[in-house]
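Descriptive structure summary
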Amino acid sequence: PARVIDGKAVAAARTQALAQRVAGFRERTGVVPGLAVVLVGDDAASAIYVRRKARQCEAVGMRSVQHVLPGATTQAELLALVERLNRDPDVHGILVQLPLPRPLDEAAILAAVDPDKDVDGFHTMNAGRLALGRPALVPCTPLGCLLLLRELGVALRGKRALVVGRSVIVGRPMAQLLLMEDCTVTIAHRHSQDLAMLCREADILIVAVGIPGLIRGDWIRPGAVVIDVGINRVDDGAGGSRIVGDVAYDEAAHVAGAITPVPGGVGPMTIACLLENTLAAAAAIEGGAAA
Ligand code: NAD
């Protein structure tokens with residue numbers, strides 16, 4: 001049976017280590033890293049995410065400022081806030097919680113964020129740097145997946161990696177990161193033919209699609225490392241619901257060498273990486289080493 005990759009434990013250990021790094025940074029520079037989180041409208045899930053991010057930020061000794069704006073906020077008002085945060089010396093990371101309510105122009109807002117404070121790594125400048133293989137603020141979810149792979153201690157160089165999904169926030173940056181690790185990278189998406197066959201060739205399989213149980217056990221190469229990014233709420237057959245990934249876990253766990261559970265795999269790593277990005281941004285801005 002597969003080794004179960006405990007993302008919750010890895011995230012907790014990293015967060016604990018981060019708290020010490022934040023304290024050291026503060027001692028050396030006198031600066032408390034600050035994360036500004038912007039939430040527009042009253043989407044319930046977004047509100048939960050934002051609160052969780054703010055709470056964890058404070059738990060590691062960083063400052064967090066939440067800006068909650070009404071759903072009717074105009075593009076100009078939101079841009080003005082982003083520009084104010086760009087100039088605010090106490091703010092080192094800016095996160096605009098997505099999705100933004102219509103008719104706000106998400107792309108224009110993300111483009112307005114100072115790339116040096118772009119802790120989500122969504123700015124074109126950071127996506128471009130990553131594509132060029134240069135240091136960048138990297139999107140948190142794929143960064144979390146990479147850290148889990150590193151944690152396993154398996155050699156990545158020369159391995160065949162398949163990334164299923166090509167979204168801007170997960171699939172594409174994931175593929176870039178694996179390329180920087182010298183993997184042979186294939187990207188599959190909704191138009192890919194023979195997905196099962198592509199999967200069977202992969203030593204490392206990263207799935208970020210949003211379809212429960214899409215990847216079946218017999219699609220997995222024996223011994224492969226499987227990282228399941230999917231978060232899908234499904235009927236639990238008892239009048240309630242539960243969260244499952246994009247991989248048919250019970251089947252896959254018999255074949256894979258290692259696998260992330262859902263929940264408790266990739267999910268906890270995402271916030272941990274956001275906090276690490278915030279310290280990295282503060283260190284780059286203040287010119288102090290983050291280590
Ligand atoms: P998205 O909807 O932006 O992208 C989905 C991708 O899957 C697309 O590139 C599409 O081409 C591809 N796809 C769709 N159907 C397919 C099929 N049948 N075969 C192969 N590819 C197919 O989604 P996203 O934002 O990348 O998120 C993907 C999943 O990951 C979702 O379940 C989401 O909830 C989850 N997610 C989790 C975290 C986390 O912290 N763990 C973070 C972000 C997203």
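For the structure itself, look to the data block above.
No experiment lies behind these values; they were computed from the predicted model shown.

The rules behind these values
Residues numbered from 1 in each chain as written. Predicted model: local features only at pLDDT ≥ 70, side-chain atom pairs only at ≥ 80, totals over all residues. Heavy atoms only, no water. Helix = DSSP H or I, 4+ residues; strand = E, 2+ residues; numbered from the N terminus. Buried < 20%, exposed > 50% of the residue type's maximum accessible area, 1.4 Å probe, protein only. Contact = heavy atoms within 4.5 Å. Areas by Shrake-Rupley, 256 points an atom, 1.4 Å probe, with all protein chains shown as cover. Lys, Arg positive; Asp, Glu negative; His and termini not counted. Charge placed at Lys NZ, Arg CZ, Asp CG, Glu CD. Core = buried A, V, L, I, M, F, W, Y, C linked by side-chain atoms within 4.5 Å. Domains from an automatic or database assignment. Polar contact = N/O pair within 3.5 Å; in protein donor to acceptor, adjacent residues only side chain to side chain. Pairing = 2+ DSSP bridges. Axes fitted to C-alpha atoms, helices over the stretch in contact; angles between N-to-C directions. Near = heavy atom within 4 Å.

1. Some points on the overall build of the chain
- Along its length, the chain carries 10 helices and 11 strands.
- C-alpha atoms of the chain, sized along the principal axes, occupy 55 × 40 × 35 Å.
- Expressed as a percentage of the 291 residues in the chain, the buried residues total 48%.
- Looking at the chain alone, contacts between residues at least 24 apart form 67% of all its contacts between residues at least 6 apart.
- Working note: accessible area of the chain is about 13,800 Å², and carbon and sulfur atoms make up 53% of it.
- For the chain, the separation between the mean place of its 29 positive charges and that of its 30 negative charges on side chains is 3 Å.

2. Overview of the nonpolar core
- Membership of the largest hydrophobic core comes to 54 residues, with the highest contact counts inside it found for Leu149, Leu178, Ile204, Ile206, Val225 and Ile227.
- Looking at which element gives the most residues to this core, the answer is helix 10 (residues 267-286), with 10 residues.
- Residue contributions to this core reach at least three from each of two domains, namely domain 1 (29-114) and domain 2 (140-266).
- When sequence neighbours within four positions are dropped, the list of residues in contact with Ile204 reads Leu149, Leu156, Lys159, Arg160, Ala161, Leu162, Cys183 and Val225.
- Grouped together as the second largest cluster of nonpolar side chains are 19 residues, Val164, Ala188, Leu195 and Ala252 included.

3. A short note on the side chain of Asn277
- Tracing the backbone through its elements, the reader meets Asn277 in helix 10.
- Since its relative accessible area comes to 6%, Asn277 is described here as buried.
- Among the polar contacts made by the side chain of Asn277, one reaches the main-chain carbonyl oxygen of Val119 at a distance of 2.9 Å.

4. Examining the environment of Asp218
- Position of Asp218 among the secondary structure elements: in the loop between strand 7 (204-207) and strand 8 (225-228).
- Each C-alpha atom, one on Asp218 and one on Leu147, is 26 Å from the other, the two residues being 71 residues apart in sequence.

5. Thoughts on the sheet that holds strand 2 (residues 34-40)
- Taking strand neighbours across the sheet as the criterion, the three strands line up as 3-2-4 in an open arrangement whose pairing is parallel. Each edge of the sheet is formed by a strand with only one pairing partner; in this case those strands are strand 3 (63-69) and strand 4 (93-96). When the angles between neighbouring strand axes are averaged without regard to direction, this sheet yields 15°.
- Looking at chain direction, strand 2 and strand 3 are connected through seven bridges and run parallel. Among the inter-strand pairings, Ala36 is bridged to a residue of strand 3, identified as Val65.
- Set on the sheet, helix 2 (residues 44-59) makes contact with strand 2, strand 3 and strand 4; between it and strand 3 the angle comes to about 160°.

6. A few points about the site of the ligand
- Surveying the vicinity of the ligand reveals 22 residues, the closest of which are Arg166, Ser167, Arg190, Ile231 and Thr270.
- Here an oxygen atom of the ligand and a side-chain polar atom of Ser167 are 2.5 Å apart.
- Residue His189 places a main-chain N or O atom 3.5 Å away from a nitrogen atom belonging to the ligand.
- Coverage of the ligand by the protein chains reaches 74% of its 860 Å² of free accessible surface.

7. Here we look at unusual backbone geometry
- Looking along the chain, the bond that leaves Leu98 and enters Pro99 is cis, with omega of 0°.
- On the secondary structure map, Pro99 appears in the loop between strand 4 and helix 4 (106-112).
- In this structure, Asp182 takes a positive phi of about 70° despite not being glycine.
- Within the secondary structure, Asp182 is located in the loop between helix 7 (171-180) and strand 6 (184-188).

8. So, the sheet that holds strand 5 (residues 160-164)
- What the six strands build is an open sheet, ordered 1-11-8-7-5-6; its pairing is parallel. Of all the strands in the sheet, the pair left with one neighbour each is strand 1 (3-4) and strand 6.
- Here strand 5 runs beside strand 7; their pairing, made up of four bridges, is parallel. Bridge assignment links Val164 to a residue of strand 7, and that residue is Val207.
- Together, strand 1, strand 7, strand 8 and strand 11 (258-259) form the strand contacts of helix 6 (residues 140-152), whose direction differs from that of strand 8 by roughly 150°.
- Those strands touched by helix 7 are strand 5, strand 6 and strand 7, and its axis lies near 170° from that of strand 5.

9. Some points on the pairing of strand 2
- Strand 2 sits mainly inside the fold: seven of its seven residues count as buried.
- One ladder, built from four bridges, connects strand 2 with strand 4; its direction is parallel. Its bridge partner being in strand 4, Val37 is matched across the sheet by Leu95.

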